[in-house]
Amino acid sequence: MTLDQAKEGQRVRIEGFVGDDLVLQRLMEMGLLEDEEVEVVGFAPLGDPMEIRLRDYRLSLRQSEAARIRVILILPDS
Amino acid sequence: MMAVRNPTIALVGNPNTGKTTLFNALAGMNQRVGNYPGVTVETKKGKLHIADRTLDLIDLPGTYSLAPRSPDEMVAVDVILGNNPSEPRPDVVVTIVDASNLERNLYLMTQVLELGVPVIIALNMVDVARSQGLKIDVDRLSQQLGVPIVPIQANRGVGLDALKSAIARVLESPACGRCPAFPDAFEHEVATLQACTGPTEPVYLIRRLVLDVGGYAEKRLGAKYGADLIDKMHAARQRLVQAGFTLAGIEARIRYAWIRKMTAGCIERPVERVVSWTDRLDKVLTHRILGTLIFLAVMFLVFETIFVVADPFMGWIKLGVGWIEETVASAMAAGPLRSLLVEGVIRGVGAVVVFIPQIVFLFAIIAVLEDCGYMARAAFLMDRLMARAGLNGKSFIPLLSSMACAVPGIMSARVIENPRDRLATILVAPLMSCSARLPVYSLLVAAFLPIEEYGWFVPGLVFFSLYLIGIILAPALAFVLKSTLLRGETPVFVMEMPLYKMPSAYTVLRRSFDAGRMFLKRAGTMILASMILVWAALYFPSGDFASRIETATQRLEGQRDELDEESIAAQEKKINELRSEWKAQSLLGQVGKWIEPAVEPLGWDWRIGMAALASFPAREVMVGTLGIIFGEGEGDAGEEEYRRTLGGALREARRPDGRAVFSVPVALSVLVFFALCCQCVSTLVVIKRETNTWRWPIFTFVYMTALAYVGAFLTYQIGCLF
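Please read these numbers as outputs of a predicted model, since none were measured by experiment.

Draft legend 1. Region of interest: the overall build of chain A. When helices and strands are counted, chain A shows two helices and five strands. When its helices and strands are written in sequence order, chain A yields β-α-β-β-β-α-β. For 78 residues, the compact-globule estimate of 2.2 N^0.38 gives 12 Å, and the C-alpha radius of gyration of chain A, at 12 Å, lies within 12% of that figure. Across its three principal directions, the C-alpha atoms of chain A cover 40 × 30 × 25 Å. Considering chain A as a whole, with its 78 residues, one finds that 46% of them fall into the buried category. Taking the contacts inside chain A whose residues are at least 6 apart along the sequence as the reference set, 58% of them involve residues at least 24 apart.

Following this line, the structure appears as structure tokens:
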């Protein structure tokens, strides 16, 4: 799946990216890289953009950008 | 004698790291804002005193990365490389790093290291990091990175002395830290390209040339070395991609991997993340319903402040200017000099100063909202809505503020990082109905669409529609601009959501003070000059009008006690008629008559056209000008009584053939013209200042005037059908 499909409160791990362009360069500069864990903090009132937590900070990005990031869900250890 | 230059210290860092606070703490009151030619970003400069030495301090624009995509973003790189002609190469670069967000902040630091300058890390917000349970082994980290690290709390002034001594030590024995190495295949391509440019081009730029697709390095080096270099660059990129690299990721992967390796063992995170104040606040402030409600409340507060709270201050300024006008007028003999001084200079200065309260208040609020971290949340909440117009969430506040006044609104567009979004916001902001349009709206609506004749809802509806014109057209035009003139890839909207914190009083005061001063300094003279120009166009040729009015006024004053009310009114009417006659034959009046064919399709006669012309420097002049031309004398546009009498006069006004000058379609056409036209020199001058070129104010003026003309034309022609 891609990051935009993750739900509020879910934790995911980045697997890879779609494409090779300026958007990705910006995302990667901000620390969105393979194997990083990301938590979905929430969505704005109209469902876009979304807020995530990564490394030690929070970032908001649009769905169109989140769709460029392939992730897998980290299942909560029960 | 050769002047020995002071050592130069540059300050760089990510946004939201307390960089401005640190700069203020180091430079104190003695700072100035600088602009380099061709760029719109500002750099601040100040002096730093260490022991008995004086150092020059440059505050570079906050950024997450030194991968320049525009001349604005190139400023920091050029200054650090020593490529900026007006700035010596910094001897030390102090990189401010947020201790609670170490990895991402160190990313920029590794780029600075690569530029080959001695670096000191000012590790800010160590208290915040501690409260989040982060433990940083500063000495070990410093050893690993090979860079001095000084823990500070810029907002409390903690650690500044240690930072100063660290700067002094590095100046004594400069040394550059280690930086991450790029893969061999990449470095090989860089070396090949550098062979084409020669060793004078810094390696950093060549690396950027390969890495940044569509970046600024392509433009600059391409212009310098020609298409040959660009061809080689494309070939190099192609080879790298074939070798399995993604260009977008080469740099980030290397830097972050290196950072993780270097910080390993130096940073200890709590097993369970500490729930912070920011988490709790964000639960409410970015909540779908609660967050939206609070946002609306905050925006209402912003609007009220510039609209209502600033109002008494503006009133006092107007009173003060009026008092000075009277004092000067009574002290001087009638004549062109007095008129120039009173109606040109003093009134012109008043027209400039009157903006100050709104600018200062708006910037104080924006500084509070930015400094405490709410601005990012507001942009987050509004982004989807603004994205439909091709803008982003940060455009909301400038557009809202423009409903009070476009001048502070346009200045506040500085909060928008993306240059194209910022420009689009600036260009459409003047379409929002500002408070200066209100008196014109009130005058015409009350005179031609009164409640008594058209029903209780009509005046309100017209007012609402006039505001709606701006609210609909501004985003619509932004959309058109973004898909034509300002077309480009959709900007990446990645926005940090910073931690909430108490805003610093000093930062807030400083920003509003700077905004006010900058407006006076950079825009004031231009506005004044244009006011004087229009004064002259309305004054000359003066014939003997001035002295006839003066005599008539004096005679009236001398007899006032003996005359009954009727004769006083008759005499006053005569004086007003003289004024009206004078303006009608003035330069502007002649132009008004000359352009009458052009305004005829709008339903206007030459007098309306002339009043519209006279109000091009400042639309609030419209009411007073109509007053003079239609023989009611010049009064206070803010006064209801005056507007009522003037309204009556406008209804009575007749053309030479006996037709009424105004009808409902004519009034509506004038209203629409005013809603759309950019009759405000201040706005244009501020656009020039913010975009650093005359191209955009001219563009704004032309498109808004065209829009206003077409709008007024359609309104009149359609209105006449009923």
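Draft legend 2. Here's a closer look at the nonpolar core. Residues and elements named next belong to chain B. With 223 residues, the main nonpolar core has Leu11, Ile120, Ala122, Ile359 and Phe673 as its most contacted residues. Considering each element in turn, this core owes the most residues, eleven residues, to helix α23 (residues 505-539). Excluding its chain neighbours within four sequence positions, the residues that come into contact with Phe673 are Leu602, Ala612, Ala708, Gly711 and Ala712.

Draft legend 3. Structural context of the sheet that holds strand β5 (residues 92-98) of chain B. Residue and element names in this part refer to chain B. The sheet built from seven strands is open, its strands ordered β2-β3-β4-β1-β5-β6-β8 with mixed pairing. Of all the strands in the sheet, just β2 (31-35) and β8 (149-151) have a single pairing partner and so form its edges. The mean inter-strand angle of the sheet, taken between neighbouring strand axes irrespective of direction, is 25 degrees. Pairing of strand β3 (residues 42-50) with strand β4 (residues 53-59), which is carried by seven bridges, proceeds in the antiparallel orientation. Bridging across to β4, His49 finds its partner in Thr54. Each of β1 (8-13), β5 and β6 (119-124) touches helix α3 (residues 102-114); the most contacted strand, β5, lies at about 165 degrees to it.

Draft legend 4. Up close: the interface of chain B and chain A. Counting residues at the interface gives 33 residues for chain B and 29 residues for chain A. Counting only elements with at least two residues in the side of chain B that touches chain A, the list comes to α3, α11 (247-263), α16 (374-387) and β10 (494-496) of chain B. Take the side of chain B that touches chain A: its biggest share by element is six residues, from α11 of chain B. Residue classes in the side of chain B that touches chain A are distributed as 17 nonpolar, eight polar and eight charged.

Draft legend 5. Summary view of the sheet that holds strand β4 (residues 57-61) of chain A. Taken together, six strands build an open sheet; the order of strands is β5(A)-β1(A)-β2(A)-β3(A)-β4(A)-β10(B) and the sheet is antiparallel. A strand with exactly one partner marks an edge of an open sheet, and here the two such strands are β5 (69-73) of chain A together with β10 of chain B. Within the sheet, the average angular offset between the axes of one strand and its neighbour, ignoring direction, is 40 degrees. In this structure, strand β2 (residues 37-43) of chain A lies alongside strand β3 (residues 50-54) of chain A, joined through five bridges in antiparallel fashion. When the sheet's bridge partners are listed, Gly42 of chain A is paired in β3 of chain A with Glu51 of chain A.

Draft legend 6. Geometry of the packing of α3 of chain B against α11 of chain B. Residue and element names in this part refer to chain B. Across the interface, α3 lies against α11 with an axial gap of 9 Å and an inter-helix angle of 115 degrees. Between α3 and α11 lies a crossing whose hand is right-handed. Each of Leu102, Glu103, Leu106, Tyr107 and Thr110 in α3 lies in contact with α11, whose residues at this interface are Arg255, Tyr256, Trp258, Ile259, Arg260 and Thr263. Along the lines of polarity and charge, the residues of the contact of α3 with α11 split into six nonpolar, two polar and three charged.

Draft legend 7. Highlighting helix α30 (residues 640-652) of chain B. All names here are of chain B. Look at α30: 18 Å from first C-alpha to last across 13 residues, which is about the 18 Å you get at 1.5 Å a residue. Here α30 has its buried residues at Tyr642, Arg643, Leu646, Gly647 and Leu650. Burial along α30 is one-sided: seen end-on, the buried residues are contained in an arc of 135 degrees. Exposed residues pointing more than 90 degrees away from the buried face of α30 are listed as Glu641 and Glu652. In this structure, the buried residues of α30 make contact with α20 (438-448) and α29 (621-629).

Thresholds, definitions, all that
- Residues numbered from 1 in each chain as written.
- Chains lettered and ligands numbered in written order.
- Predicted model: local features only at pLDDT ≥ 70, side-chain atom pairs only at ≥ 80, totals over all residues.
- Helix = DSSP H or I, 4+ residues; strand = E, 2+ residues; numbered from the N terminus.
- Rg over C-alpha atoms; globule rule 2.2 N^0.38 Å.
- Buried ≥ 20, exposed ≤ 12 C-beta atoms within 10 Å, placed from the backbone.
- Contact = placed C-beta atoms within 7 Å.
- Core = buried A, V, L, I, M, F, W, Y, C linked by C-beta atoms within 7 Å.
- Pairing = 2+ DSSP bridges.
- Axes fitted to C-alpha atoms, helices over the stretch in contact; angles between N-to-C directions.
- Nonpolar A, V, L, I, M, F, W, Y, C, P; charged D, E, K, R; others polar.
- Left-handed = near helix turned anticlockwise from the far one by under 90°.
- Expected span 1.5 Å × (residues − 1).
- Arc of directions from axis to C-beta.

Bear in mind that shape data such as this cannot, by itself, settle questions of function.
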